[in-house]
Amino acid sequence: MKLSIVTTLYRSSPHLEEFHRRASEVARAHAGQDYEIVMVNDGSPDDSLQIALALMQGDPHLKVVDLSRNFGHHKAIMEGLVHSAGEEVFLLDSDLEELPEWLPDFARQRLDDAADVVYGVQARRKGGWMERWSGELFYILMRGLAGISLPRNLVTARLMTRRYVDALLQFREREVFLAGLWYLTGFRQVAQQVTKLSHSETTYGFRQKAYLLVNSVVSVSNRPLILIFYTGMSIFAAALLYTAYLVFNWLIASRPPDGWTSVMVSVWLLGGLVISFLGVIGIYLSKVFSETKQRPNTIVRKVHVHAEHR
């Protein structure tokens, strides 16, 4: 099969019929009749599944993967890639903020650059100043804490070769951070600037973004654990210097240390550091606990295909 278009469904019913029509048009223009569209229902609470199944009755190119519950966007994407069969895989969201019509430009650039992946990046991050500022802060902290330089303003949409998708699916993490896995998979990846539309405000608040940052960092890097060691050594060195200073004052200058201020500051500072460091270690232990249980990333209730493929 020449092309697979993969998308996920979650509260997608307002845009699903138009998405299917437009995705089918670009797929036929790119691959003739040798294509498939894989839709993964990620436990959507609306009627997205019913609409997708109705569309499938009239389209033998459509496959619907119904998950048993909501597992999250990234895990649903990985399940969609598992069920794809195309030599090229075009991944994008179904809310039409990312356009199916990007496919020809992505395909042209992939061939011109001899790349395995062409991914979309926004020229300017959508949303208000708070969303743009928090997004920029996320990439800065990811680079500093995880040591990974992710492309800024990355979108879901990307065109991938089969060998890249097969390599990506070798990752078996239970805690899936897709942008990190995309980076770690390697191969030649090139960016294409896109303009992502905005139909609604983001549902990610500060708490969700903070959780995403922590989960992303600890899922792809052990650098925070190493930073704990170096921070501890730095504090130890500073404490030795301060101790030498106090001893010098007591022996040479005959001035005993004043009051309890420095003692209390040191206790609170070191106590806070110890608790925060234990928290970081605890997060990593929770990840180890999750990985060692070997729970499946997703559970598929049923894969729906057109009657002629049964």
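Residues numbered from 1 in each chain as written. Predicted model: local features only at pLDDT ≥ 70, side-chain atom pairs only at ≥ 80, totals over all residues. Heavy atoms only, no water.

Let me state the cut-off plainly: UniProt positions are given in the numbering used here, feature names are shortened, and annotations may be inferred rather than shown by experiment.
An unreviewed UniProt entry annotates the protein as Polymyxin resistance protein ArnC, glycosyl transferase of Orrella dioscoreae. In its Subcellular location (unreviewed entry) section, the UniProt entry covering the protein states "Membrane".

### Some points on the packing of aromatic side chains
Going by this rule: By convention, a stacked pair of Phe, Tyr or Trp rings (six-membered ring in the case of Trp) has centres within 6.5 Å and planes under 30 degrees apart, an edge-to-face pair has planes over 60 apart, and any other such pair is tilted. Buried means the residue's accessible area, taken with a 1.4 Å probe over protein chains only, is under 20% of the maximum for its type, while exposed means over 50%, and partly exposed covers the values in between. Secondary structure elements are defined from DSSP: runs of H or I of at least 4 residues count as helices, runs of E of at least 2 residues count as strands, and each element is numbered from the N terminus.
Under the counting rule described, the total for this entry stands at three aromatic pairs. Taking the centre distance of 6.2 Å and the plane angle of 15 degrees together, the rings of Trp-102 and Phe-106 count as stacked. When sorted by exposure, Trp-102 lands in the same class as Phe-106, which is buried. Summarising the aromatic geometry, the rings of Tyr-164 and Phe-187 are spaced 5.8 Å apart at their centres and angled 80 degrees between planes, so their arrangement reads as edge-to-face. Separated by 23 residues along the polypeptide, Tyr-164 in helix 6 (residues 162–168) and Phe-187 in the loop between helix 7 (178–185) and strand 7 (189–194) bring together distant segments of the chain. The exposure class assigned to Tyr-164 is buried, which follows from its relative accessible area of 0%.

### Let's talk about helix 4 (residues 103–112)
Where we set the bar: Read the arc as the range of directions from the helix axis to the C-beta atoms. Contacts: residue pairs with any heavy atoms within 4.5 Å of one another.
For helix 4, the full list of buried residues reads Leu-103, Phe-106, Ala-107, Gln-109 and Arg-110. Taken down its axis, helix 4 places every buried residue within 165 degrees of arc, on the same side. For helix 4, exposure combined with an orientation more than 90 degrees from the buried face picks out Leu-111 and Asp-112. Those residues of helix 4 that are buried are in contact with strand 1 (3–9), helix 1 (13–31), strand 4 (88–91), strand 5 (117–122), strand 6 (154–161) and strand 7.

### Comments concerning the pattern of salt bridges
To keep things clear, this is the line we draw: Salt bridges are defined by distance alone: a side-chain nitrogen of Lys or Arg within 4 Å of a carboxyl oxygen of Asp or Glu.
The tally for this structure, following the rule as stated, stands at 10 salt bridges. Across the pair Glu-18 and Arg-22 runs a salt bridge whose closest N-O atoms are separated by 2.8 Å. Remark: Arg-22 and Glu-18 occur in helix 1; sequence separation between them is four residues, near one turn of the helix. By relative accessible area, which is 37% here, Glu-18 ends up partly exposed. Across the pair Arg-162 and Asp-166 runs a salt bridge, and its minimum N-O distance is 3.2 Å. Of this pair, Arg-162 and Asp-166 both sit in helix 6, separated by four residues, roughly a single helical turn.

### Considering the side chain of Ser-48
Here is the rule: The definition of a polar contact used here is a pair of N or O atoms within 3.5 Å, where within protein one atom must be able to donate a hydrogen and the other to accept one, and adjacent residues in sequence count solely through side-chain atom pairs.
Looking at the secondary structure, you find Ser-48 in helix 2 (residues 48–57). The class for Ser-48 is buried, based on a relative accessible area of 0%. At 3.5 Å, the side chain of Ser-48 forms a polar contact with the side chain of Ser-44. Sequence-distant contacts of Ser-48, defined by excluding residues within four places in its chain, comprise Leu-9, Arg-11, Ser-12, Ser-13 and Leu-16.

### A word on the pairing of strand 5
This is how the line gets drawn: At least two DSSP bridges between two strands are needed for those strands to be called paired.
Buried residues dominate strand 5, accounting for six of its six residues. In terms of strand pairing, strand 5 meets strand 6 through four bridges, oriented antiparallel. Paired with Val-118 across the bridge in strand 6 is Leu-159.

### Structural notes on unusual backbone geometry
Even without being glycine, Leu-96 reaches a positive phi, approximately 65 degrees. With respect to the helices, strands and loops of the structure, Leu-96 is situated in the loop between strand 4 and helix 4. Residue Phe-187 is not a glycine yet carries a positive backbone phi of 65 degrees. Taking the relative accessible area as the measure of exposure, Phe-187 reaches 39% and is therefore partly exposed.

### Topic: the side chain of Lys-63
Within the fold, Lys-63 resides in strand 3 (residues 62–67). Residue class for Lys-63 comes out buried when judged on its relative accessible area of 18%. Side-chain polar atoms of Lys-63 contact the backbone oxygen of His-83, separated by 3.0 Å. The contacts of Lys-63, once residues within four sequence positions are left out, are Glu-36, Ile-37, Val-38, Met-39, His-83, Val-303, His-304 and Val-305.

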